[in-house]
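# Geometric and topological summary
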Amino acid sequence: MRTSDGPAREGALVIGGGHGTLAIARSLGRRGVPVWVVAGELRIAASSRYVEACLPWHGSISSQQQAEYLVEIAHRNRIEGWALIAGNDTSTELIARHREVMAPVFKFCTSSWEVVCDALDKRRSYALAARAGVDHPRTFYPQDVDDLMRLEVDFPAILKPAIKIGWNAFIRAKAWKVRNRDELLRRYREALLLIEPQSIMVQDLIPGGNENQFSYAALCRDGTPLASLVARRLRQYPVDFGRASSLVETIDLPEVESVARRLLSAMGLTGLVEVEFKRDPRDGNLKLLDINPRPWRWISLGQRAGVDFPYLLYRLSRGEAI
């Protein structure tokens, strides 16, 4: 894409076609930044008037081949120097793993794979939280059925995948609630058919409703937030372990910010991040649930609240002032 007088326009190539990508396209497009999308079957973002082109995405090839494909797109369409933005967990991992391949062609804002893995792998997230003095639900990592049956679990509890690899009933549900030891054993055996045993966690279920769920959303550089907000996630779908929030409000709660900043400083993370907490009514403590190092579904709320995260990410990726 070139203007009539020769120099390439400065734009953004976004990986993924979901709600987060749609919010990115609207944020950048309203400011006159050209936006292209690469997407698979999910192409919600492609319907936006701000998306100039939607290119096919090959999810079945290796991540190395995907990185080379993105480089090929840049050269073929003469969009070298554009910002490359991840729209989901998979593309976040892709950019982090293959930064060296894509750095000569694209501008992007992300941490190393080691740092990103601390967020994407809940086993590493909770270990990091423990080192940073951040509370989290009591969690067990059984190695097999015998190990599982020796655990002293308080019911109800949840079974939860430590990492999101592939797409199956367990990954899609995010967690399975179990009410007794028999149900725990039955569900654990179901999970064994879907993911490796090392990735299955047994965790305390924090009681209380969604009014106790909070998020700290931020754009960071080396663990220091440059822009941020705190939100309460009042409704989600599905209700128990939501894949998406359906009612979110910004709030002023310095405690959430303080705890999240301590965690992010320990990580040294660069880029966008949403840190999810739930307050445990049994002890009053905020407990870490998830760290999402990529655009979240309600990211457009930030634009209404005066923190336009996608545009700030675009500026940071280009080395511009925030």
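Residues numbered from 1 in each chain as written. Predicted model: local features only at pLDDT ≥ 70, side-chain atom pairs only at ≥ 80, totals over all residues. Heavy atoms only, no water.

## Here's the deal with the overall build of the protein
Check the secondary structure of the protein and you find twelve helices and 13 strands. For a compact globule of 322 residues, the expected C-alpha radius of gyration is about 20 Å, and the protein comes in at 20 Å, within 12% of that figure. Overall, the protein is about 70 × 45 × 35 Å in size when its C-alpha atoms are taken along their principal axes. Across the protein, contacts joining residues at least 24 apart in sequence account for 61% of those joining residues at least 6 apart. (Helix = DSSP H or I, 4+ residues; strand = E, 2+ residues; numbered from the N terminus. Rg over C-alpha atoms; globule rule 2.2 N^0.38 Å. Contact = heavy atoms within 4.5 Å.)

## A closer look at the sheet that holds strand β6 (residues 157–161)
In spatial order, the strands read β5-β8-β6-β7; together these four strands make up an open sheet with antiparallel pairing. Each of the sheet's edge strands pairs with one partner strand only, and the pair in question is β5 (139–140) and β7 (176–178). Taken together, the two bridges between β5 and strand β8 (residues 200–204) define a ladder with antiparallel strand orientation. Considered in β8, the bridge of T139 is made with Q203. Lying over the sheet, helix α9 (residues 181–192) contacts β6, β7 and β8, oriented at roughly 155° with respect to β7. (Pairing = 2+ DSSP bridges. Axes fitted to C-alpha atoms, helices over the stretch in contact; angles between N-to-C directions.)

## Concerning the side chain of D280
Residue placement: D280 occurs in the loop between β12 (271–279) and β13 (286–292). At 2.8 Å, the side chain of D280 and the side chain of K287 are in polar contact. Excluding anything up to four places from it in sequence, D280 contacts I206, P207, N285 and K287. (Polar contact = N/O pair within 3.5 Å; in protein donor to acceptor, adjacent residues only side chain to side chain.)

## A look at the side chain of N212
Considering the arrangement of structural elements, one finds N212 in the loop between β8 and β9 (213–221). Filtering out sequence-adjacent residues up to four positions away, N212 remains in contact with F277, K278 and R279.

## A word on the sheet that holds strand β11 (residues 244–251)
Neighbouring strands of a sheet are bound in pairs by backbone hydrogen bonds; such pairs are parallel or else antiparallel. Strand order in this open sheet of five strands is β11-β10-β9-β12-β13, and the pairing throughout is antiparallel. Each of the sheet's edge strands pairs with one partner strand only, and the pair in question is β11 and β13. Averaged over neighbouring strand pairs, the angle between their axes works out to 35° when direction is ignored. Lying over the sheet, helix α10 (residues 254–267) contacts β9, β10 (224–237), β12 and β13, oriented at roughly 45° with respect to β9.

## Here we look at the environment of A266
Within the fold, A266 resides in helix α10. Overall, the relative accessible area of 43% leaves A266 in the partly exposed class. (Buried < 20%, exposed > 50% of the residue type's maximum accessible area, 1.4 Å probe, protein only.)

## Quick word on the confidence of the model for the protein
Chain-level pLDDT for the protein is 93 on average; 97% of the residues reach the 70-or-more range. Within the protein, no element has a lower average pLDDT than β11, which sits at 89, and none a higher one than α10, at 98. (pLDDT = per-residue confidence, 0-100.)

## What to know about the environment of W82
Along the polypeptide, W82 turns up in the loop between α2 (63–77) and β4 (83–86). Looking at W82, the relative accessible area reads 0%, which means it is buried. Separated by 72 residues in the primary sequence, W82 and E10 place their C-alpha atoms 5.7 Å from one another.

## A closer look at the packing of helix α6 (residues 122–132) against α10
At their nearest, the axes of α6 and α10 sit 9 Å apart, and the two run at 110° to each other. Classified by the angle their axes make, α6 and α10 are roughly perpendicular. In contact with L128, A129 and A132 of α6, α10 contributes R262, L263, A266 and M267. Split into classes, the residues belonging to the contact of α6 with α10 amount to six nonpolar, no polar and one charged. (Parallel < 35°, antiparallel > 145°, perpendicular 65-115°, else oblique. Nonpolar A, V, L, I, M, F, W, Y, C, P; charged D, E, K, R; others polar.)

## A short note on the nonpolar core
Residues L28 and F309 are the most contacted members of the largest nonpolar core, which totals 31 residues. By residue number, the principal contributor to this core is helix α12 (residues 309–317), which donates six residues. Those residues in contact with F309 that lie beyond four places of it in its chain are A217, A218, L219, A227, S228, L229, L272, W296, I299 and G302. Ranked by size, the runner-up nonpolar core spans 28 residues in total, among them Y126, A129, I251 and M267. (Core = buried A, V, L, I, M, F, W, Y, C linked by side-chain atoms within 4.5 Å.)

## Observations regarding the pattern of salt bridges
Taken as a whole, this structure holds 26 salt bridges when the rule is applied. Among the salt bridges present, the one from R294 reaches D89, with a minimum N-O distance of 2.9 Å. With a gap of 205 residues between them, R294 in the loop between β13 and α11 (300–304) and D89 in helix α3 (residues 89–97) connect regions that are remote in the sequence. For R294, a relative accessible area of 14% translates into the label buried. Among the charged side chains, a salt-bridge network with shared partners connects R179, E183, R186, R187 and E190. (Salt bridge = Lys/Arg side-chain N within 4 Å of Asp/Glu carboxyl O.)

## As for α2
With 15 residues, α2 extends 21 Å between its outermost C-alpha atoms, agreeing within 8% with the 21 Å of an ideal straight helix rising 1.5 Å per residue. Looking only at α2, the buried set comprises Q66, A67, Y69, L70, V71, I73 and A74. Residues of α2 that are buried make contact with β1 (12–15), β2 (35–39), β3 (51–56), β4, α3 and α4 (99–102). R78 sits one or two positions beyond α2 and adopts a positive phi of about 55°. (Expected span 1.5 Å × (residues − 1).)

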